[in-house]
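# A structural walkthrough
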Amino acid sequence: MVRAEHILVLFLALVGNCALQTKAARIMKDDLGHSANPEHFGTRKLMQDYFFPYSRCNHEPAVAPFNLVYKSEIPVPGPWGNQMCFTIQARKGCDDLSGEQRACCSDITRTLHKIQLEADPKCDGAISLATINAVPKSFQFITNLGPTAIVRLTNINLPIIPGTDVCLYLRNPCPSLDKLCINGECRYALYSAPNPVACCAMSPNPLRAPGPPRPSPAS
């Protein structure tokens, strides 16, 4: 569900009323847990707050050091539902980047603090458990930040080794990855530990389950 204050803030940014923007900025908090800074609360940053991942995030493909790659889905006895796993795989190193991009990439590589997956809001309640390398991890399913929902895996705080397994246990109404994601694809964002502000990077490669080959575009 789209929150009314989000619509208000977006409208105020577009009309350019600085005084009201400052007031609206006090209403909203960014995804990193601290109040948004009115001095930097331009239209672009408001748009970043309004669309997935609903926080200020670097959308440059080169910055994200990891991909999330589908691994398996298997039924699990008991109340947990189906175990859907993906692995964290290295995309590229950070050495070819410079400045803030290199710093962001390096921070995420050093300590992955949080993963956010874009999900269908109707799947609220479908995740019964989340694990990383078979160790339970805290998670949230959040539906009040924008038109889509997010699955937030928090307090990971690990130096990620490529091949790390992340599993979600899925039950009805979304017992599989293709049901959990929007049109079968989950966009995702990776966050470093706050130091003092977390760095966020979106990967250009969405998480998706394997399926039949997609039709070629009409010539």
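Residues numbered from 1 in each chain as written. Predicted model: local features only at pLDDT ≥ 70, side-chain atom pairs only at ≥ 80, totals over all residues. Heavy atoms only, no water.

### Some remarks on the state of the cysteines
In this structure the tally under the stated criterion is six disulfides. Across the disulfide, Cys-94 is cross-linked to Cys-105 (sulfur-sulfur distance 2.1 Å). One quick way to see it: the torsion about the S-S bond of Cys-94 and Cys-105 is about -75°, and its sign makes the bridge left-handed. Placement of the pair is Cys-94 in the loop between strand 2 (81-90) and helix 4 (99-110) and Cys-105 in helix 4, with a sequence separation of 11 residues. (Disulfide = S-S within 2.5 Å. Helix = DSSP H or I, 4+ residues; strand = E, 2+ residues; numbered from the N terminus.)

### Examining the sheet that holds strand 6 (residues 139-142)
Strands sit in the order 6-7-3-10-11 across an open sheet of five strands; the sheet is antiparallel. At either end of the open sheet lies a strand with only one pairing partner, and these are strand 6 and strand 11 (200-202). Averaged over all pairs of adjacent strands, the angle between their axes in this sheet comes to 20°, without regard to strand direction. Pairing of strand 3 (residues 112-119) with strand 7 (residues 149-153), which is carried by five bridges, proceeds in the antiparallel orientation. Counted as the bridge partner of Leu-117 is Val-151 from strand 7. (Pairing = 2+ DSSP bridges. Axes fitted to C-alpha atoms, helices over the stretch in contact; angles between N-to-C directions.)

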